[in-house]
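These are the residues of each chain, in order.
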Amino acid sequence: TEAIGLYNLGQSCCLNSLLQVFLMNIHFTGILRRPVEAPSPAQRRNNVPYQMLLLLEKMQCGKCKAVSPTDLACCLSEHRVKLFVQHDAAQLFLTLWNLLKKQMKKPELVEELSDLYTICIQEHLACQNCSFETKSNSIMLTLPLPVLDACSHRLKTLKDCLQYFFQPEELTGQNMCFCQQCGRKTTFLQSMKLVRLPQTLTLHLKRFCFERSSYTHKLSHYLPFPQELDFSEVLTENQCQADDSEKATWQYELFAVVAHSGSTSCGHYCAYIRSLTECKWYCFNDSEVCQVSWDDVKCTYGHSSLYWRETAYLLIYMKKKPQ
């Protein structure tokens with residue numbers, strides 16, 4: 001079996017879960033395995049792609065149920081990734097991806113890595129007093145989806161979260177922008193439009209809520225997500241800036257769920273991943289790996305009265321193969 005666990009080195013459950021999501025993705029490991037000039041012996045200890053490839057090969061030997069990611073963890077610590085502390089999965093995912101991108105030797109591999117994971121968004125700012133408008137494209141690694149609306153009401157489904165994220169917002173009061181045409185600050189309409197989606201799409205459910213008192217609490221309420229997701233059906237024409245051929249590729253299947261249990265100050269991560277070669281779901285809980293059902297994955301939808309239970313935090317979708 002390719003489902004091999006990773007030993008917990010001490011509060012490394014977040015790192016272990018993300019590593020499993022990377023290494024179970026055959027599109028990512030295809031890039032990782034591409035022949036490149038090996039780093040010098042002196043550089044190998046600090047080279048994240050090289051250490052990740054060594055870990056993958058160690059896992060695929062299949063001689064034991066779990067392996068230790070010690071060398072990779074030490075490599076990450078050389079790049080100021082703290083060990084033996086709790087991490088936020090969304091932040092650590094971005095850190096790992098940036099280190100991989102920075103240390104990939106060939107420009108074409110960097111481009112493939114970007115195509116595999118990054119989302120292209122176009123931001124529109126339109127003055128509500130005149131015709132002045134600006135447009136700018138930006139790249140994102142994840143879509144950070146709010147689970148509450150502006151009135152702190154709970155959004156009920158993943159579709160609601162996506163539609164709310166792309167909903168235009170009026171910038172008034174202290175948020176007004178300077179209009180070059182009017183020569184003063186005016187009310188602007190801010191909107192985001194989807195331009196391009198990657199092969200592997202990561203959605204970040206913003207379940208950790210920061211209050212003015214600097215107290216952080218977790219939003220554990222029920223929020224279902226589908227196994228299949230078609231963005232061309234979820235978003236309106238005004239929320240997209242893509243041609244029909246691009247929209248035709250916006251059909252996705254759920255690949256992985258990084259789930260969090262516990263509170264913001266005392267929590268644990270695990271990953272539910274669908275094997276792309278076996279089409280079976282597995283739960284990766286550090287060194288413990290077991291096959292699970294879709295009903296087990298649905299247990300991560302959340303439940304307000306079951307605060308300590310596993311709750312989906314990152315959703316990773318993968319493009320469906322063309323029929």
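Scoring rules and cut-offs
- Residues numbered from 1 in each chain as written.
- Predicted model: local features only at pLDDT ≥ 70, side-chain atom pairs only at ≥ 80, totals over all residues.
- Heavy atoms only, no water.
- Pairing = 2+ DSSP bridges.
- Helix = DSSP H or I, 4+ residues; strand = E, 2+ residues; numbered from the N terminus.
- Axes fitted to C-alpha atoms, helices over the stretch in contact; angles between N-to-C directions.
- Parallel < 35°, antiparallel > 145°, perpendicular 65-115°, else oblique.
- Contact = heavy atoms within 4.5 Å.
- Nonpolar A, V, L, I, M, F, W, Y, C, P; charged D, E, K, R; others polar.
- Core = buried A, V, L, I, M, F, W, Y, C linked by side-chain atoms within 4.5 Å.
- Buried < 20%, exposed > 50% of the residue type's maximum accessible area, 1.4 Å probe, protein only.
- Domains from an automatic or database assignment.
- Salt bridge = Lys/Arg side-chain N within 4 Å of Asp/Glu carboxyl O.
- Buried area = accessible area lost by both parts, 1.4 Å probe.

Going by what an unreviewed UniProt entry lists, the protein chain is known as UBP18 hydrolase and is assigned to Platysteira castanea.

With that out of the way, let us pick up the pairing of strand β17 (residues 288–292). Across a regular strand the side chains alternate sides, sitting on one face of the sheet and then on the other. Looking at chain direction, strand β16 (residues 281–285) and β17 are connected through 5 bridges and run antiparallel. By the bridge assignment, Tyr 282 is partnered in β17 with Gln 291.

All right, on to the packing of helix α4 (residues 48–59) against helix α6 (residues 89–103) then. Packing of α4 against α6 leaves a shortest axis separation of 8 Å and a crossing angle of 110°. With respect to α6, the element α4 is oriented roughly perpendicular. Here α4 contributes Val 48, Pro 49 and Met 52 to the contact with α6, which in turn contributes Leu 99, Leu 100 and Gln 103. Its residues assigned to classes, the contact of α4 with α6 comprises 5 nonpolar, 1 polar and no charged.

The next thing to look at is unusual backbone geometry. We note that Ser 152 has phi near 65°; this positive angle belongs to a residue other than glycine. Position of Ser 152 relative to the elements: it lies in the loop between β5 (142–146) and α8 (158–165). One non-glycine residue, Asp 286, lies in the positive phi region at around 55°. Mapped onto the fold, Asp 286 is located in the loop between β16 and β17.

Our next topic: the nonpolar core. Within soluble globular proteins, side chains that are nonpolar generally end up buried alongside one another. One finds Phe 28 and Tyr 117 to be the most contacted residues of the largest nonpolar core, which totals 55 residues. Residue assignment places this core across two domains, with domain 1 (1–118) and domain 2 (142–167 + 199–322) each supplying three or more. In terms of nonpolar packing, the next biggest core, distinct from the first, is built from 41 residues, Leu 143, Phe 165, Ala 259 and Tyr 301 among them.

As judged from the 8 bridges shared by strand β3 (residues 119–127) and strand β4 (residues 133–140), these two strands associate in the antiparallel manner. Bridging across to β4, His 124 finds its partner in Lys 135. In textbook terms, the turn of a hairpin is the stretch between consecutive antiparallel strands, and for β3 and β4 this stretch comprises 5 residues.

Once that is clear, we can look at the pattern of salt bridges. Any two side chains of opposite charge can pair, on the condition that their charged atoms come close. According to the stated counting rule, one finds 6 salt bridges in the structure shown. Ionic pairing is found between Lys 65 and Glu 288, a salt bridge with its closest N-O pair at 2.8 Å. Here Lys 65, found in the loop between α4 and β2 (66–67), pairs with Glu 288, found in strand β17; they are 223 residues apart in sequence, far enough to count as distant. Overall, the relative accessible area of 47% leaves Glu 288 in the partly exposed class. Residues Lys 247 and Glu 237 are paired through a salt bridge, measuring 3.2 Å at the closest nitrogen-oxygen approach. In this pair, Lys 247 is assigned in helix α10 (residues 244–247) and Glu 237 in the loop between α9 (231–234) and α10, connecting sequence segments 10 residues apart. Since its relative accessible area comes to 60%, Glu 237 is described here as exposed.

Topologically, Gln 51 is positioned in helix α4. With relative accessibility at 9%, the residue Gln 51 sits in the buried group. Not counting the four nearest positions on each side in its chain, Gln 51 is found in contact with Arg 44, Arg 45, Asp 71, Leu 72 and Cys 75.

Before going further, it helps to spend a moment on the domain arrangement of the protein chain. If you check the domain split of the protein chain, you get domain 1 (1–118) and domain 2 (142–167 + 199–322). Each of domain 1 and domain 2 has a C-alpha centre, and these two points are 22 Å apart. Taken together, the contacts link 31 residues of domain 1 with 32 residues of domain 2. Taken over both partners, the interface formed by domain 1 and domain 2 buries close to 2400 Å², and the fraction arising from carbon and sulfur atoms is 63%. Considering only the side of domain 1, the residues that lose the most area to domain 2 are Val 21, Met 24 and Gln 86, jointly responsible for 20% of the buried surface there. The interface formed by domain 1 and domain 2 holds 1 salt bridge in total.

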